[in-house]
Amino acid sequence: MGNWTEIDRQMMQRALELAARGIGQVSPGPLVGTVIADTREEIVGEGFYLYDQLKHAETLALEQAGERARGATAYISLEPHAHQGRTPPCTEALIKAGIKRLVAPIEDPNPKVSGRGFAHLREAGMEVCTGLLKDEAAQLNEAYIHFMRTARPFVHLKLAVSLDGKVATFSGDSRWITSEEARARTHELRHQYDAIMVGGRTVRADDPLLTDRSGRKRRRPLVRVVIEQYLRMSLESQLAQTTDAAPVFIFAYGDSEPETISALQSRGVEVISQTDSTLEFSSVLKELGKRSIQSVLLEGGPSLAGLFLDAGLVNKITFFVAPMIIGGQDAPSAIGGDGAETIADATQLKNVQVEQRGRDIEITGYPAKRSGQ
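Residues numbered from 1 in each chain as written. Predicted model: local features only at pLDDT ≥ 70, side-chain atom pairs only at ≥ 80, totals over all residues. Heavy atoms only, no water.

**Q** Explanation requested: the sheet that holds strand E2 (residues 43-48) in the structure shown.
**A** Sheets are built from strands that pair by backbone hydrogen bonding, the pairs being arranged parallel or antiparallel. In spatial order, the strands read E2-E1-E3-E4-E5; together these five strands make up an open sheet with mixed pairing. Each end of this open sheet is capped by a strand with a single partner; those strands are E2 and strand E5 (127-130). For this sheet, the mean angle separating the axes of adjacent strands, direction not counted, is 15°. Against the sheet, helix H1 (residues 6-20) touches strand E1 (33-37), E2, strand E3 (73-76) and strand E4 (101-104), its axis set at about 145° to E1. (Pairing = 2+ DSSP bridges. Helix = DSSP H or I, 4+ residues; strand = E, 2+ residues; numbered from the N terminus. Axes fitted to C-alpha atoms, helices over the stretch in contact; angles between N-to-C directions. Contact = heavy atoms within 4.5 Å.)

Here it is as structure tokens:
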């Protein structure tokens, strides 16, 4: 909407870059960046949102701009809010500062905000232009947008595989299929998510710690989520022994011994159990959503990955492919579950991006909806 100038594009790109500085520090809120450009098209104020800082990106940028905000253009990566929340309405601050024009790519899907911020500014006589870099803005806040629309966390499936699609040898050895560069990238991904999820078989086979070792600042510890049948996680596992550092949730289904549940709970593990023989994964995601977990990085194993894919609950997929061949019909493949009966039924990816990570290839895309879904 509107004829965008090159300055508009540069300023909005800068607002998105600023917003991204909040990764790991805004959930369950959105990533927001703001740039104020005066009538000479010079930047006079910048800001980005951090949950614990309280002040919103718009307020920080306006404070920096001071009187130079009068008659200026505000570039904001997400619709500003017009309601009283933890902070006063940002729209009021923009109006009071004398901002003449607002450029924002997308509406905020939060029902308290959606469309109301833009409407308030237009009613005050401000020129409001939307749509610039809307795809980039939506991708930046994809987890927040999905969470707001569904009340369930955004699920990103991440797997490391050999060239022939194996995740381990026939003996179970899997360290390490991918390079150091790919593993560092995995920790960057973990930093972006509120929770990491694995199956109980993976915990028993690998005894992982499942932590964010990116070295970057995060607001909340990475929640470790385990999907476990019959609750067989060892009390001596790294997860059970590190609940003081980061929470561990186990969703258990099937018959579980009360003594085992009590013993794990005494270690600080939160056990959510049900007696059904199968687990409804959408209910798991709803439960996580109730706990303000906006996003989940699903790291396998093959059975859990396949079940989530079969259920249509995966929103994004990343494979790290290593240039090695493991072979062996008994070596586990990346994806279990029922799988596709025909090639037409296979999960196709759209908006695919390919990056080199050391000797490995990172392939990321979004599952395309099948007909009938």
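What follows continues from the structure just given.
**Q** Any chance you could explain the pairing of strand E6 (residues 154-162) here in plain terms?
**A** Side chains on a regular strand alternate between the two faces of the sheet. Buried residues dominate E6, accounting for eight of its nine residues. As judged from the four bridges shared by E6 and strand E11 (residues 295-298), these two strands associate in the parallel manner. When the sheet's bridge partners are listed, Val155 is paired in E11 with Val296. As paired strands, E6 and strand E12 (residues 316-322) are joined by seven bridges and run parallel to one another. Paired with Ala160 across the strands is Phe320, a residue of E12. (Buried < 20%, exposed > 50% of the residue type's maximum accessible area, 1.4 Å probe, protein only.)

**Q** What's the story with the environment of Phe308 in this structure? I'm lost.
**A** Structurally, the position occupied by Phe308 is in helix H11 (residues 302-310). For the pair Phe308 and Ser282, spaced 26 residues apart in sequence, the C-alpha separation works out to 9.2 Å. Apart from residues no more than four positions distant in its own chain, Phe308 is found in contact with Val155, Met197, Phe281, Leu285, Leu298, Leu313 and Val314.

**Q** Help me understand helix H2 (residues 57-65), please; the structure alone is not making it clear to me.
**A** In an α-helix, one turn spans 3.6 residues, which is why side chains three or four residues apart end up on the same side. Looking only at H2, the buried set comprises Ala57, Glu58, Ala61, Leu62 and Ala65. End-on view of H2: buried residues confined to an arc of 125°, all on one side of the axis. Contacts made by the buried residues of H2 are with E1, E2, E3 and helix H3 (90-96). Positive phi appears at Gly66, one or two residues downstream of H2, with a value of about 60°. (Arc of directions from axis to C-beta.)

Everything listed is a geometric property; what it means functionally is a separate question.
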